[in-house]
Every structure is written in C-alpha cells, then in structure tokens.
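# Secondary and tertiary structure notes
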Amino acid sequence: MYIDELVLERCMQKAWEYQTLTLPNPAVGAAVYDENHEILSLEAHQKAELPHAEVLALFWAFVALIARENHTQNPQKKEHTLLALAPLWEKFQREQGEFGDVTLADLPTNSAAIHAFLCACHGGRFSGKTLILTLEPCNHTGKTPPCAKLIAALGLKRVLIAARDEWGESAGGAARLVREARESGHEILVEFFTNPHLLQKAQDLLYPFLAYRESGGFCVFKLASRLNGDYKSGQISGEKSREFTHNQRAVADSITISGATARADRPRLDTRYASKIYGSQLPDVGIFTTNPTNIDRSMPLFDQAFNRVVRFYDERDFLLDFAKASQPSTRVQTHQTPGTPHISSTCHAPQTPCIQDLHIQGFHIIEGGFGLFHTLCTIEHFAAMPKLMLLHLSTTLAAHGFSPMRDIPLSSFSAESMIHFTLLHTTQLGEDLLLWLKP
C-alpha cells in the first residue's frame, strides 16, 4: 500500500502541472503500473474536451507494453515509442472501418478513437496491471465516452482511487466498472484510499473545479517575483513558466492588469508561447484605471489584429462586469472603428448588489503586484470571489531590484489586515516554482 500512495503522490503532482488549464473540468492525474511495480504511464487531463487522465494513462501504458514486446521502448521520447503502435493501429482502421481520418500522431488527442482502439486490441495485456487515479472515473457520455466503461473492458487487476466523483450524472463510475467487469466474466478490485493526508491533497487539487462548478467561475491572481520580492525589474519568469502563463491565457475568458502595468510594460498579453493543444485564442483584456485617457492606445495589446475586447475598470467594478447580478453594472461603450479592438469602460451600478447575489462567470486571470492584490482584498466583492493566488517564484535575485515594501503603505500593516494563505501545492517548472496559494 505504501507503493500505491507514492504513485498517487506522483499522479497529483502531474495533475497540478495542468491546474486551471482543464477548467471547467477538474485537474486529474492517473498512472498504470505492472506486476513488478514498474510504472508504465503517468498522465494527466490536459484540457477540456481532450482525453481524461485515465484514458491517457491506459493508452500510454498500452503503447509501452507493445513497445516492450517489440523491444522498441524509449521512455525519453513518447513520439518514438508511439511508432511501435503503427501496425496495430493501421490494422484496426482497416478492419473496423472507423477513424480512418485519425493519424497515429493525432490518436493521443482523440478520446473516442482511444476507447474503441483499446477495447478492440488490448489482447489481455492489462491483466495483472494496476490503475491509480486522483478522482473516480466518470460514468457518463459527454464530450468523451465514459471512462468507467473503458476500464471495465480492459481486464485490469486493481483500480485505486483518491477522491469520489459525487457530481450528478458523472458519479458512480467505480460501481459501474465493477458491475460491467463482472458481467464480462472478470473480477476487478476497486478500492478508495483512506490516508487522511492524501485525501486532503486530493481535495486541494479539486478546489478550482469545485469552486467553478458551484459558482460558475474562478479567478487566479498571478504574480511573478524574484526571491527578494522584486517583481518589477525586467523579465522574471523562465521559459517553462512563460509557457504555462500563455497556456492559461489561451483558456481564460479574460486577463486584467493595472493601469500602471499597462503604462510601464506596454504588454502584448498574447498567447504566442502557448502549447499547440491550447491554440492561440486571446482572452479579453481589462485594465484597472480611474482615468482611461491616460492609457496609450498605440501599445501592443490594442493591436487590431488581436480582435478582442478591451475594458477599463475601477477596481470595485471588476466583479460586477463578469457577474450575473440582481443589479448589473452600467457599461458605457466608446465609438468603435471597424477592424479595431472593442473598447469600453464600466461605471458603477446605480445600486450595488448583495454579495450573495454575485456569481462570477468563466475563468479570469488578474496579473499584478502585491499592491494591486492588497487593494483588491479590501474590496468586499473581490474578497468573496472563489480564487487562488499563483506566485511564479523565480530563483533569482536582482541586486538593485524593486522592493515590494514600497508598494504597500506601512500604515496598512497590522494583525487585522494581514492576509493569510494556505499553500495548496508547489510545482517546479524549469528553474521557477509555482506556489498555489488559497487566501
């Protein structure tokens, strides 16, 4: 059981690498190991509408088993190992008459094709194997087929699960896979982990998903800092960290910055470093400022080629603009020339709605510094939003860098005004650390 818990830890670490990129789906990790406890695959759900973690884990475990049979396994290069599957995939396409337009290279991103292929071609190779999951497999047909049905068909020996899926039609996957496996003449052992520490970590992993599911939206406040707290001296984040940021932007509904950041950095706020699977979709942009006329419209983020909406806010209006409220905010739109970005400003609503009536919609990112976060936390609407602070911590020091102490008034420091966080997880990306902090 100790080995199972170690593998579960690995699964959770893998899932955190894609945290928030999967919204509105949960971040989930999965692994398959063989009779000798050799890990055959370690995977995570990467994006909504793409294969779930358990489907990817089963697929790549199958690839590893085929490559092992053919003595062509290359753990360092999955695309090389995938070639071992070519004869079997081509035979499946000929005999089944399905998925003829799916290339071998595209197969890992096609959930329906993976389901059909594994069910038809597994050949008993999963006998004696163990599947470990951070979340109970789904039990419904949505954008992808039910994972529980696939697992039941493959003849695994054991399935170990951390968190239960208790949400509507997707619930009950464990019971289904036991029932369907038994109906096909195969007994499968399904167990749930009981270690309280691991169960709490599994719930922490689900926090953005659960908050999104309950309220219809989620917000991440992203801040990049050096070890001394400096977040203003040049480019701070490394390559891997920048890629993650651009992946987040590609799946976000909006990204909001301060007017000071817009004037000082003149950012593009684009997705040019995003991975292929996240595409190049650009989020709408918000700028916190009380004087929109001070924002230079020639800066890159206003480039008409981006074809997106740019909004200006007073900090108090940010939540109102993205919320379904009993008293919606009033939006004043400027003249828009064809082919240019849509620019609007948001005024205060005649009557501020009750906080319990506000529900932020979608996934939103705020990028800023300690001062902006401190200011937002004094506003009731922001304090009540479901959110995380994501601190990209660079393992560098700037000898003459900016001190964050200058950004927050000394008079604000008191026991009552101190903001406390719970550290949910730390992810290493290259030389940077990502700290997922829950206020």
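Here the structure is a predicted model, which is why all the values come from computation and not from measurement. (Residues numbered from 1 in each chain as written. Predicted model: local features only at pLDDT ≥ 70, side-chain atom pairs only at ≥ 80, totals over all residues. Heavy atoms only, no water.)

The next point concerns the overall build of the protein. Each helix and strand counted, the protein has 13 helices and 15 strands in total. Across the protein, the fraction of contacts at a sequence separation of at least 24, relative to all contacts at a separation of at least 6, is 74%. For the protein, the computed accessible surface area is about 20300 Å², with 50% contributed by carbon and sulfur atoms. (Helix = DSSP H or I, 4+ residues; strand = E, 2+ residues; numbered from the N terminus. Contact = heavy atoms within 4.5 Å. Areas by Shrake-Rupley, 256 points an atom, 1.4 Å probe, with all protein chains shown as cover.)

Ranked by internal contacts, the top residues of the largest apolar core, which has 105 residues, are L85 and L107. Per element, the largest residue contribution to this core is 13 residues, and it comes from helix α2 (residues 53–70). Setting aside residues up to four positions removed in sequence, L85 forms contacts with F59, F62, V63, I66, L104, L107 and F117. Formed by 20 residues, the second largest nonpolar core is a distinct cluster that contains Y231, I236, I379 and F382. (Core = buried A, V, L, I, M, F, W, Y, C linked by side-chain atoms within 4.5 Å. Buried < 20%, exposed > 50% of the residue type's maximum accessible area, 1.4 Å probe, protein only.)

Take the sheet that holds strand β2 (residues 39–44) next. Taken together, the five strands give an open sheet; going across it, the order is β2-β1-β3-β4-β5, and neighbouring strands pair in mixed fashion. Strands with a single pairing partner mark the edges of an open sheet, and in this sheet they are β2 and β5 (189–192). This sheet shows a mean twist of 15° between the axes of neighbouring strands, independent of strand direction. In this sheet, β5 lies alongside strand β4 (residues 158–163) in parallel orientation, the contact comprising four bridges. Across the sheet, the residue bridging to L160 is E191, located in β5. Its contacts with the sheet place α2 against β1 (29–33), β2 and β3 (130–135), and it is angled at close to 150° to β2. The strands that helix α8 (residues 196–215) touches are β3 and β4; relative to β4, the one it contacts most, it runs at about 70°. (Pairing = 2+ DSSP bridges. Axes fitted to C-alpha atoms, helices over the stretch in contact; angles between N-to-C directions.)

Moving on to the state of the cysteines. In total, this model carries zero disulfides according to the counting rule given. Its sulfur unpaired, C121 is 9.7 Å from the next cysteine sulfur, which belongs to C119. (Disulfide = S-S within 2.5 Å.)

Okay, the pairing of strand β13 (residues 387–394) next. Of all eight residues in β13, eight are buried; the element is thus mostly enclosed. Burial along β13 is two-sided: the residues K387, M389, L391 and L393 and L388, L390, H392 and S394 are all buried. Relative to β13, strand β6 (residues 217–225) runs parallel, the two being bridged by seven bridges. The partner of K222 across the bridge, within β13, is L390. In the sheet, β13 pairs with strand β15 (residues 432–438) via six bridges, with the strands oriented antiparallel. Residue pairing in the sheet places S394 in a bridge with D432 of β15.

Read these as spatial facts, not as claims about activity.
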